[in-house]
Amino acid sequence: MDNTIYKNRRNNLEKSLPENSVLLIPGADMQYRNADSAYAFRQDSSFYYFSGFSEPASLIAIVNNKEGISSIVFVQPKDKLKEIWDGNRAGPIGAVDEFLFDKAYDNTQIDTMMPDILSGSSQVLYAIGKKSGFDQKVIDWSTNASSKDRHSKSINIIDASSLIGNARLIKDEHEINLIRKACNISAEAHIEAMKNVKDVSSEQDIEGLYINEFSKRGGRFQAYTPIVAGGENACTLHYVENNQKLKKSDLLLVDAGCEYEMYASDITRTFPINGKFSKEQLKIYEIVLEAMNAAIDNVKPGNDIMKPQEISEKVITKGLVSLGLLDGDPDELHKKGAFKDFYMHKIGHWLGLDVHDAGDYMEGENYMKFKPGMITTIEPGIYISSSLDVDDKWKGIGIRIEDDILVTKNGNENLTKKVPSDPAEIESLMS
Ligand code: GLY
Ligand code: MN
Ligand code: MN
């Protein structure tokens, strides 16, 4: 395993870290579902981005001083008995030899060594408020470091969330390949669901189908808890119960994506359970698809990230007026936000190691502009819950379409277009 890519990412921080500073990146700890039943370990995404190292209870300290940049890691100590139960540990020697850290120590030494590492630096940076208990530890280490040399300046504690997040915002070739693979697996699973839904009787069985299709292709984990929502359940945006019977005349909304080698994919498709859209379902679907296509066209370098949002709102507002679901001048209705009863979420988010990936959405006072290498989801929807004051024929229709879009030099590439979103193509696939 060549871990040079991770070492290079650490060394690249020399450009963005302040002089005489230390950046701390804590890894994840084991998590338990109940009693002593542990979840499969998932490394913290930022820790992984800068290390490729997948053991719990680790901590990276990246020191930038007049000697240049160097990285120290604290890892679980070697332990014969624990390794019999839980598997191999790299230990400090493995962390240096295989993971290319400059120095590595047992994590049992963190509290004694960290004040010395911080001593003499002007700033300690870390993602404030992200890991439970870590804020207090940094305060304690910094206080101890300052008390070692009362006559030097105190150490400023600075939030590194943006610095770390924005380092992850532009994906390199290695990451794009993994996300592409995750997207392909998820697209194929959606295709299988469309082909098989007619023979499936419950949301839960569809969820099982996705897990199996992901797993067969190498995606053991889901990037997030999927939404498998028959009929009106789709109008509950974060519906994750996934336990109701399917009704043949309903639509099924599935928001599901696998994780592949730590990288997420995120796809939503909405399709008719009996294989044929009803007249009303199709009319709403076509508006969402038009909004989707217009939004994707606007994901390109130079456009700000709110452009696809604004276009999707306008297309949806106009479409709702054309069906009599909103009444008035589309421009006025858009300005007033009248679409929000039907389309109440934002159009997308960054995608990467996390499904809602790290990285800012603003640059100073302005929205971020798209740059090549960014990956965003585009996911407009229309949700007509029964509580809305509309003609009964529209009630219970909830539709979202979601693709994963890579910004390229000249525009974009839709990484999930393999799974159809065109209604005629969906019907043909299902027949
Ligand atoms: N699946 C999570 C999202 O679409 O934001
Ligand atoms: Mn999404
Ligand atoms: Mn999604």
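Quick caveat, the model's predicted, so the values are computed rather than measured.

Participant: Any chance you could explain the side chain of aspartate 403 here in plain terms?
Facilitator: Within the secondary structure layout, aspartate 403 lies in strand E20 (residues 403-407). The class for aspartate 403 is buried, based on a relative accessible area of 3%. Polar side-chain contacts of aspartate 403 include one of 2.8 Å to the side chain of arginine 269. At 3.1 Å, the side chain of aspartate 403 forms a polar contact with the side chain of asparagine 414. Not counting chain neighbours up to four residues away, the residues in contact with aspartate 403 comprise Asp266, Arg269, Met292, Ile296, Thr376, Thr377, Ile378, Asn414 and Thr416.

Participant: Can you help me understand the pairing of strand E14 (residues 267-272) in this one?
Facilitator: Along a regular strand, successive side chains alternate from one face of the sheet to the other. Buried residues dominate E14, accounting for six of its six residues. The side-chain alternation of E14 yields two buried faces, one formed by Ile267, Arg269 and Phe271 and the other by Thr268, Thr270 and Pro272. Strand direction decides the pairing type here: strand E11 (residues 251-256) and E14, joined by six bridges, are antiparallel. Pairing of leucine 253 across the sheet is with threonine 270, part of E14.

Participant: Sorry, what's going on with the coordination of the manganese ion (ligand 3) here?
Facilitator: Six octahedral donors around a metal ideally make angles of 90 or 180 degrees; four tetrahedral donors ideally make 109.5 degrees. The manganese ion (ligand 3) binds to the protein through Asp255 (OD), Asp255 (OD), Asp266 (OD) and Glu402 (OE); the donor distances cover 2.1 to 2.4 Å. Taken together, the six donor atoms coordinating the manganese ion (ligand 3) and their angles of 57 to 169 degrees define a geometry best described as irregular. Sequence spacing of the donor residues for the manganese ion (ligand 3), all on one chain, is D-x10-D-x135-E. In this structure the manganese ion (ligand 2) is found 3.2 Å away from the manganese ion (ligand 3), and aspartate 266 serves as a bridging donor for the pair. Taken as a pair, aspartate 255 in strand E11 and glutamate 402 in the loop between strand E19 (397-400) and E20 lie far apart in primary sequence, 147 residues in all. As far as burial versus exposure is concerned, aspartate 255 and glutamate 402 are alike and both buried.

Participant: I keep staring at the site of ligand 1 and nothing clicks. Help me out?
Facilitator: All residues adjacent to ligand 1 are Tyr224, Asp255, Asp266, His349, His356, Glu379 and Glu402. Here an oxygen atom of ligand 1 and a side-chain polar atom of histidine 349 are 3.0 Å apart. Considered on its own, ligand 1 offers 200 Å² of accessible surface; in the complex 83% of this is hidden by protein. In terms of residue class, the shell around ligand 1 is built from one nonpolar, two polar and four charged.

Participant: Would you mind going over the pattern of salt bridges with me for this structure?
Facilitator: Pairing between side chains of opposite charge can happen when the charged atoms of each approach one another. By the definition in use, this model includes 23 salt bridges. A salt bridge links lysine 7 to aspartate 102; the shortest N-O distance between them is 3.8 Å. Note that lysine 7 is positioned in helix H1 (residues 4-12) and aspartate 102 in the loop between helix H4 (91-97) and strand E6 (103-106), a separation of 95 residues in sequence. On the accessibility criterion, lysine 7 (25% relative accessible area) is partly exposed. Among the residues examined, aspartate 102 registers a relative accessible area of 38% and is labelled partly exposed. A single network of salt bridges, built from pairs that share partners, joins Glu188, Glu213, Lys216, Arg217 and Lys418.

The rules behind these values
Residues numbered from 1 in each chain as written. Chains lettered and ligands numbered in written order. Predicted model: local features only at pLDDT ≥ 70, side-chain atom pairs only at ≥ 80, totals over all residues. Heavy atoms only, no water. Helix = DSSP H or I, 4+ residues; strand = E, 2+ residues; numbered from the N terminus. Buried < 20%, exposed > 50% of the residue type's maximum accessible area, 1.4 Å probe, protein only. Polar contact = N/O pair within 3.5 Å; in protein donor to acceptor, adjacent residues only side chain to side chain. Contact = heavy atoms within 4.5 Å. Pairing = 2+ DSSP bridges. Donors = N, O, S within 2.8 Å, 3.2 Å for Na, K, Ca; no water. Tetrahedral: all angles 85-135°; square planar, octahedral: opposite > 155°, others 65-115°. Near = heavy atom within 4 Å. Areas by Shrake-Rupley, 256 points an atom, 1.4 Å probe, with all protein chains shown as cover. Nonpolar A, V, L, I, M, F, W, Y, C, P; charged D, E, K, R; others polar. Salt bridge = Lys/Arg side-chain N within 4 Å of Asp/Glu carboxyl O.

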